[in-house]
Amino acid sequence: MKAKYTALFNVGVKHPFYENGTCASYTTTPVPDMVVVPSAETLTLMRRLDFIFRTADNTGGFTVLAATNGKIGPDDLLRFAPKATEKLVFFLVLRNAAMLGFNALPASIAGSIFYFTNQISGDPAPRTNLHLSQSVDGVKATNDLLSRSSSTYRYHHSTPVVPGTVEVKHILTGALVTPVSLQNTATTCDLLFNLAALPLGKCELWIGGTRISAFYHTGDAVPPDTYGVVELSLADTLDANYRIIETNDTLLAPTPLYFISFINRLTTWRYTIKMTPSSPLFIEIGKLALADKPDFMAKLKIVANNPAITFTQSVPDDKTIVFVSDAPIALKERYTVPPAGDTLKLTLTKYKGVPLKEAAVKENLSYPVAGLIDTRNPLIIYSDIFLTL
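To start, this report covers the structure provided alongside it. Because the structure is a prediction, the values reported are computed rather than measured.

## Considerations on helix α1 (residues 40-49)
Taken as a whole, α1 has its buried residues at T42, L45, M46 and L49. For α1, the buried positions fall inside an angular range of 100° around the axis, keeping them on one side. Exposed and facing more than 90 degrees away from the buried side of α1 are A40 and R47. Among the structural elements, β2 (34-38), β3 (51-56), β4 (61-72) and β6 (87-94) are those in contact with the buried residues of α1. After α1 finishes, the residue D50 shows a positive phi value of roughly 60°.

## Observations concerning the sheet that holds strand β21 (residues 301-304)
What the three strands build is an open sheet, ordered β21-β27-β28; its pairing is antiparallel. With partners counted over all chains shown, the strands left at the sheet margins are β21 and β28 (359-362), one partner each. Taking each pair of neighbouring strands and ignoring which way they run, the sheet shows an average axis angle of 50°.

## Considerations on unusual backbone geometry
Excluding glycine, a negative phi dihedral is what most residues carry, and trans is how most peptide bonds are arranged. Backbone torsion omega between A253 and P254 reads 0°, so that peptide bond is classified as cis. A cis geometry characterises the amide bond from P338 onward to P339, with omega recorded as 0°. As for its placement among the helices and strands, P339 is situated in the loop between β25 (336-337) and β26 (342-343). Residue D50 is not a glycine yet carries a positive backbone phi of 60°. Of the residues examined, D50 reaches a relative accessible area of 18% and is grouped as buried. Residue D249 is not a glycine yet carries a positive backbone phi of 65°. Looking at the element boundaries, D249 is found in the loop between β17 (226-233) and β18 (250-251).

## Structural notes on the sheet that holds strand β10 (residues 152-157)
Read from one edge of the open sheet, three strands run β10-β14-β13, paired in antiparallel fashion. Two strands in the sheet have a free side with no partner beyond their single neighbour: β10 and β13 (181-184). Each neighbouring strand pair of the sheet contributes to a mean axis angle of 10°, computed without reference to strand direction. Sheet topology places β10 next to strand β14 (residues 189-194); six bridges connect them, and they run antiparallel. The residue of β14 that forms the bridge with Y153 is F193.

## Remarks on the pairing of strand β9 (residues 145-149)
Bridge count between strand β7 (residues 112-117) and β9: three bridges; the pairing is antiparallel. The residue bridging F114 from the neighbouring strand is L145, located in β9. For β9 and strand β16 (residues 210-217), the ladder comprises three bridges, and the chain directions are parallel. From the neighbouring strand, R148 faces β16, where its bridge partner is Y216.

## Some points on the pattern of salt bridges
Within this structure, the stated rule accounts for 15 salt bridges. The partner of K140 in a salt bridge is D137, and the shortest N-O contact between them spans 3.1 Å. For K140, a relative accessible area of 28% puts it in the partly exposed group. On the basis of relative accessibility, which here comes to 45%, the residue D137 falls in the partly exposed class. K350 serves as the salt-bridge partner of E284, at 2.8 Å between the closest nitrogen and oxygen. In this pair, E284 is assigned in helix α4 (residues 280-287) and K350 in strand β27 (residues 346-350), connecting sequence segments 66 residues apart.

Conventions we followed
- Residues numbered from 1 in each chain as written.
- Predicted model: local features only at pLDDT ≥ 70, side-chain atom pairs only at ≥ 80, totals over all residues.
- Heavy atoms only, no water.
- Buried < 20%, exposed > 50% of the residue type's maximum accessible area, 1.4 Å probe, protein only.
- Helix = DSSP H or I, 4+ residues; strand = E, 2+ residues; numbered from the N terminus.
- Arc of directions from axis to C-beta.
- Contact = heavy atoms within 4.5 Å.
- Pairing = 2+ DSSP bridges.
- Axes fitted to C-alpha atoms, helices over the stretch in contact; angles between N-to-C directions.
- Salt bridge = Lys/Arg side-chain N within 4 Å of Asp/Glu carboxyl O.

So this is what it looks like as structure tokens:
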């Protein structure tokens, strides 16, 4: 017996942080920042439909193939057709925690999950470059982050609730679940739902005919360190470019290629330089007349071989000097200077602009550690570099 399998769809990841756009630089084998795990219900569905799941480390994603049986015109015909409400669900498990730092993502997503789906409307992108985030320019917490719930869903409502007016709706199937417990007080209400009978998927809580919240039902078998979920509908009613399966159960070429595209985090670089008593710079400053010190410090600068990157010095004390970038800088695996692509070089320079006296104090200043950011002030996210001279 011979069976033919045709690519159903491909999913890839775009990381502008990385030089190769996908994962950390490698010589032999790529190591993506995430592991893709099909949900239990998806494994059952794929067995029934004769689908095959394959990871694709070179793209940071995965591929699903389907058994086909002949053609209709130029298009492969599925051997087994899914129902219109069926979908495939894949959990994204974080392998590299630093990813949350160097991408523009929340530092913590406890109780939430990133939701990526092919149920996108109105996007004219070609089938070889489709986005699974809500925004075409990449993943954003404001658009793509949902609260998550196991099969036990609890909700604390700020007002009392009339019994019989509350339900959880499963978006894809339209299935409804009513609360197993409704506890009113004089001012609030605690709701408890058992979602075990529902498939995995996006759900909404409705109270008195009003949509109160949306969340993703992950079920109870979620791998540890799961940060995202990819939900791919198999319905033939999706927009033509996002559709996986046609109305006649064929696979239209080219195969859909979906991307999860992340956005570089922009941070303000802050160099904190500590001078020890034995430091040549500390000794040199100590020998200056009091009237000469302000001019010396004003001409002590961090100079980049990229004119677009500049730093301003804060008011120093006797042993500490702080330089802060004048504009946020996109975090990168490798920093280069356009257009030639030379390596970015940062130099602590004294007497900047003074002929015959200008000199380097320290060359090749280190870059920030990609995964370490200071988010205490959400308006200015710092990448700190600490140096001792």
